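This is what each chain is made of:
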Amino acid sequence: MKKFLIGLLALFSYSVKAQLLKDVSESIHGNFEVDAQYYNKDTAIGAPIVPQKILSNGFGNLNYIRGNFSAGLRFESYNPVMLGFDPRYQGTGIPYKYARYKNNFVDITAGNFYDQFGSGMILRIYENRGLLYDNTIEGFRAIITPLKGVTVKAMIGRQRVFFGLSPGIVRGGDVEWNLNETFDSLMAHKKTKVTLGGSFVSKYQTNQSPTLNEPENVGCFGGRANINHGGFNIYGEYAYKINDPSYVNRYNFKDGQGAYLTTSYAGDGFSIMAAGKYVDNMSYRSDRDQTLNAAMINYMPALTKYHTYLMATFYPYATQPNGEMAAQGEFQYHFKKGSAIGGKYGMEVALNASVAYGLDTVNLAPQNDARQFHYYVRSLRPGEKYFHDFNIEISKKINKKVKGTFLYSNQFYNKDIIVENSSVNIYPNIKTNIFVLDVTYKYKTGSSIRFEAQEMYTKQDKGSWAVGMIEWWPVSKFFAAVVDQWNYGNDDPSKRFHYYLFNIGFIRDAVRVTLSYGKQRQGIFCVGGVCRTVPASDGVALTVTATF
Amino acid sequence: MRTFDMMNMYKKISIILTFMVALASCDYVSAPLKSSQPINNNTGNSNKVLKNVLIEDYTGSTCVNCPSAAAELDSLIAMYGSRIVPISVNAGSFAIPVPTYSLNLQSAVSDAYDGFFNMSNTGNPCGMINRKGTPLSAKYLLWGQWGAATQSIIQNDTAFVQLALTTTFDTTSRALNVSVNTTFLSALTGAYNLVVLFTQDSIIGPQKSITLGEIVNYAHRFVLRDNLSAIWGDVLASSGTNIGQVVTKTYSYNVGATYPAAGTTTNPGNQPAIACNFKKCSIVAFVYNATTSSPSQYEVLQSATKKIYP
């Protein structure tokens, strides 16, 4: 760390000298966020006792840019980690730091970086502060543009695992070729745009198992293509991974493969989209013995609608990397102003359907499994059903002051697979019908009241829930809200809790402060296909964010 | 300004980088299983003390993946025999008795270790191997990591401590007397504590499984039931040791007819305590580094186990 800071200072000194020679634009920017919560004892809702009473997560990003050069770091501190996050983040440090030089031909980073090849099926290095997910690579990355329209990436390094580094080394390369840019004299003005890509990633981790000959170098490669013509777009990607025994796949030596195809068309006042995905044994981590969110090299998006309402996200789905086939379709239509249905202000309707199934597999008996494959895929037919979400969302402006959204969603959730990753039937499948009404009344410029009423009917799990919310913005820089989640359908009458939450906040320039008091139910929180369990809690929470 | 020479240079760089990536080879494995290597516990030197490996399996009856961890523990015992000192720590939300999975295998000492080392909070199943690893979070190991960690200790670690357990047990009064002789084989700096625990093996009851659903007659092995010493141990040395220094600690304990004692664990459904068959019970003793702020604080130097009834 000390050496790195000395290096940074040296680079800064160099830039100061350079400024004498040439005037170059210079800026410093960053952002800070601190979350802290005081936890009350509340054994009734299952909130764990917190001996420290107060837990906090905080971070600050600082970036310096001068011309083509940039450098930055992120300080993080968890004292201790708030409930619901991986407690192994406990500590304080600077896990992210980089120096970068970029011009039209080359882009080189020394230190930490994030990146993605294609859809991320082979490699996606990213962070999500809300989930406390960070799989940044610490090493070197070079991005070169040897020809117009051709981008070549190469990288090597080790991934962050909490405040340490993964034992495995990640090496990767990617080539992306935009044909229209390269052959600009022939294709620049063509309506059809074509982009091709190919990636190769390999990880190295020593084999220390006393019982298995674990491969130390595990490669994963794939190709992709994107064709666009006017409002039509089609994107396809295929990836293959060689034997990669790991904790997640229960140390099987089978190869893995994944395919992803999505197509869309946007016309006058409507759009249509369809996507499909096939995944077999594609968990890919730089530490084969890790699970949860640690040391993930790749990422496979869940083909489901991204809901924002509480009840619609109560049972969220995440891609099952050990095996899944999924599909999603969406149709959006805009009823124009003045039409019979659109009325004076028009109306938006979105129909969405997504399904996910397991693979049709057969387990291998140990005596027939010398290669330690554990299973084989019998056919390309769907296996066990994992999830579905059929929903319709209608948004309409009623008059100058009132607008509303109605959502209906019918969901199916295989808790055994999604939560426990278990192929045996332990829990009943959860079937829900969800209704949401969201109405905003804007009574003057910058002032509004928003009402939400949500209902989720189900006979499984904890039974039905209802949600009521009022959010008041008296001025554009201040808000107050109250939310109540009521588990009125719980089979156990003593557990029909109200989870109320009071929330106030203000925004001034680039600073946002929110203070909340109330209870949070236990649940699973998923963002971008990654989930964490959030235990129940009861207390006061403060969040301060600032950007400069 | 972009020139022809620069273009050539960037082309060369990109070709070299592409080759570098391609050179990172793939290892295709056609024979996944290693041939078993016999473990040589006989060093040819009768005075040589071997270091045992304390494996703590943090588990629970409703943890669907926990039988896999227990199977790994069994296979390590099969591989390394008496060099393994096993404990199953039933703690956290997966260990709280519920209808169907009503066995109460928790204990106050299990809760203390689980909470302090953040085991079930991070995720079950998991464990610690000789409580090695710095910082504290690095002690957390998934069962897939236990084999390599155990093998590393067996092959590389030196025993600085010798433990000798002596027990007497009266089957009528259920009075148990334990004597633990600790011999320091090297001059060590720092503080060292002795922990003495009581375990019960093969408690038959339901267990949730990822592959089999409810296993009705599952053998819950090496269940940590109580502590004879203080939970965090009794002091053997507070500021260093001498070569050959011997410390003897004795404990008198009354083996309960049932475990756990009422009111000592989270038991919302008031599930009944479990009968204790003394023929299945053992003492586990271990010496650990109790030096505050030492990088190896909490690391176990030596461990041993002995059945209370032959």
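Sequence order as written defines residue numbering, which begins from 1 separately in each chain. Following the order in which they are written, the chains are lettered starting with A and the ligands numbered starting with 1. It should be noted that, the model being predicted, local features are given only for residues of pLDDT at least 70 and side-chain atom pairs only at 80 or more, the latter also being counted only at that level, while totals for whole chains, interfaces and linings use all residues. Neither water nor hydrogens contribute to the side-chain values; these are computed over all heavy atoms in the structure.

A. View of the overall build of chain A. What counts as a helix is a DSSP run of H or I of at least four residues, what counts as a strand is a run of E of at least two, and both are numbered from the N terminus. Of the regular secondary structure elements, chain A holds 4 helices and 30 strands. Radius of gyration here is computed from C-alpha atoms only, and the compact-globule reference equals 2.2 Å multiplied by the residue count raised to the power 0.38. At 26 Å, chain A has a C-alpha radius of gyration in line with the 24 Å of a compact globule built from 548 residues. Projected onto its principal axes, the C-alpha coordinates of chain A cover approximately 75 × 60 × 60 Å. Expressed as a percentage of its 548 residues, the buried residues of chain A come to 48%. Residue-level accessible areas treat just the shown protein chains as cover; the underlying method is Shrake-Rupley with a 1.4 Å probe. Here chain A has roughly 25500 Å² of accessible surface; of this, 61% comes from carbon and sulfur atoms. In this scheme, a residue with accessible area under 20% of its type's maximum is buried, one over 50% is exposed, and one in between is partly exposed, where area comes from a 1.4 Å probe on protein chains only.

B. Geometry of the side chain of A:Asn112. Position of A:Asn112 relative to the elements: it lies in strand 5 (residues 106–113). Polar contact is the term for a pair of N or O atoms within 3.5 Å; when the atoms are in protein, one must be able to donate a hydrogen and the other to accept it, and sequence-neighboring residues count only if both atoms are side-chain atoms. Side chain to side chain, A:Asn112 and A:Thr136 meet in a polar contact 3.4 Å long.

C. Fine view of the interface of chain B and chain A. The contact criterion used throughout is that any non-hydrogen atoms of two residues lie within 4.5 Å. Counting residues at the interface gives 44 residues for chain B and 50 residues for chain A. Simply put, the buried area is the total loss of 1.4 Å probe accessible area from both parts when two parts are fitted together. In total, about 4100 Å² of surface goes out of reach between chain B and chain A, with carbon and sulfur atoms giving 64% of it. Here a salt bridge means any side-chain nitrogen of Lys or Arg lying within 4 Å of a carboxyl oxygen belonging to Asp or Glu. At the junction of chain B and chain A, the tally comes to 0 salt bridges. For the pair chain B and chain A, the number of links is 11 residue pairs in polar contact (both at pLDDT 80 or more). Those elements that place two or more of their residues in the side of chain B that touches chain A are helix 1 (4–23), helix 2 (66–80), helix 4 (119–122), helix 5 (143–156) and strand 7 (203–209) of chain B. At 9 residues, helix 1 of chain B tops the list of elements feeding residues into the side of chain B that touches chain A.

D. Seen up close, the pattern of salt bridges. All names here are of chain A. Per the counting criterion, the structure on display carries 35 salt bridges over all chains. A salt bridge links Lys203 to Asp244; the shortest N-O distance between them is 2.9 Å. Of this pair, Lys203 sits in strand 13 (residues 192–204) while Asp244 sits in the loop between strand 15 (232–241) and strand 16 (256–267); the two residues are 41 residues apart in sequence, bridging distant segments of the chain. The salt bridge partner of Arg450 is Glu452, with a shortest N-O separation of 2.7 Å. By relative accessible area, Arg450 is classed as buried at 19%.

E. Up close: the sheet that holds strand 11 (residues 246–254) of chain B. Residues and elements named next belong to chain B. Overall, antiparallel pairing links the 3 strands, which are arranged 4-5-11 in an open sheet. Of all strands in the sheet, those bounded by a partner on one side alone are strand 4 (161–169) and strand 11. Each neighbouring strand pair of the sheet contributes to a mean axis angle of 15°, computed without reference to strand direction. With 9 bridges connecting them, strand 4 and strand 5 (residues 175–184) associate as antiparallel partners. Across the sheet, residue Phe169 finds its bridge partner in strand 5, namely Leu176. Whether two strands pair comes down to DSSP finding at least two bridges between them. To obtain an axis, a line is fitted to C-alpha atoms, over the contacting stretch when the element is a helix, and the angle between two such axes runs from 0 to 180 degrees between their N-to-C directions.

F. Just the state of the cysteines, in detail. Residue and element names in this part refer to chain B. Note on terminology: pairs of cysteine sulfur atoms within 2.5 Å are recorded as disulfides. By the definition in use, this model includes 1 disulfide over all chains. Each sulfur in the disulfide pair Cys63 and Cys66 lies 2.1 Å from the other. In this structure the cystine formed by Cys63 and Cys66 twists about its S-S bond by roughly 85°; its chirality is therefore right-handed. Comparing Cys63 with Cys66 shows no difference in burial state: the two are buried. With no disulfide of its own, Cys276 lies 3.3 Å from the sulfur of Cys281, the closest cysteine sulfur. Exposure remark for Cys276: the relative accessible area of 6% places this residue in the buried category.

G. Layout of the nonpolar core. Core analysis: the biggest nonpolar cluster contains 51 residues, and A:Leu123, A:Val201, A:Met282, A:Met311, A:Tyr317, A:Phe387 and A:Met456 have the highest contact counts within it. The contacts of A:Met456, once residues within four sequence positions are left out, are A:Met311, A:Phe314, A:Tyr315, A:Thr432, A:Asn433, A:Ile434, A:Gly463, A:Ser464 and A:Trp465. Residues enter a nonpolar core if they are buried and are Ala, Val, Leu, Ile, Met, Phe, Trp, Tyr or Cys, with the set joined through side-chain atoms within 4.5 Å. By size, the runner-up hydrophobic cluster in this structure holds 43 residues, among which are B:Ile55, B:Ile129, B:Leu141 and B:Tyr288.

H. Representation of unusual backbone geometry within the structure. Look at the link from B:Asn124 to B:Pro125: it is a cis peptide, with omega at -5°. Tracing the sequence through the fold places B:Pro125 in the loop between helix 4 and strand 3 (126–129). Residues B:Tyr259 and B:Pro260 are joined by a peptide bond in cis, for which omega reads -5°. Mapped onto the secondary structure, B:Pro260 falls in the loop between strand 12 (258–259) and strand 13 (274–275). Even without a glycine there, the phi angle at A:Phe162 is positive, about 60°. With respect to the helices, strands and loops of the structure, A:Phe162 is situated in the loop between strand 11 (150–161) and strand 12 (164–178).

I. Main features of helix 2 of chain B. All names here are of chain B. Over its 15 residues, helix 2 extends 21 Å from the first C-alpha to the last, a length consistent with the 21 Å expected when each residue adds 1.5 Å. Among the residues of helix 2, Cys66, Pro67, Ala69, Ala70, Glu72, Leu73, Leu76 and Tyr80 are the ones counted as buried. One or two positions beyond helix 2, positive phi appears at Gly81, with a value near 60°. Multiplying one less than the number of residues by 1.5 Å gives the expected span of a helix.

J. Layout of the packing of helix 2 of chain B against helix 5 of chain B. All names here are of chain B. Contact pair helix 2 / helix 5: the axes reach a minimum separation of 9 Å and the direction vectors enclose 25°. By the angle between their directions, the pair helix 2 and helix 5 is classed as roughly parallel. In the crossing of helix 2 with helix 5, the sense of the turn from one axis to the other is right-handed. Across the interface between the two elements, Ser68, Ala69, Glu72, Leu73, Leu76 and Tyr80 from helix 2 touch Trp143, Trp146, Gly147, Thr150, Gln151 and Ile154 from helix 5. For this scheme, ten residues count as nonpolar: Ala, Val, Leu, Ile, Met, Phe, Trp, Tyr, Cys and Pro. Four count as charged, namely Asp, Glu, Lys and Arg, and the remainder, Gly too, count as polar. Residue classes in the contact of helix 2 with helix 5 are distributed as 7 nonpolar, 4 polar and 1 charged. Under this scheme an angle from 65 to 115 degrees is roughly perpendicular, one under 35 degrees roughly parallel, and one over 145 degrees roughly antiparallel; angles in between are oblique. By the definition used in this description, the sense in which the near helix is turned from the far one sets the handedness, with an anticlockwise turn below a right angle giving left-handed and a clockwise turn giving right-handed.

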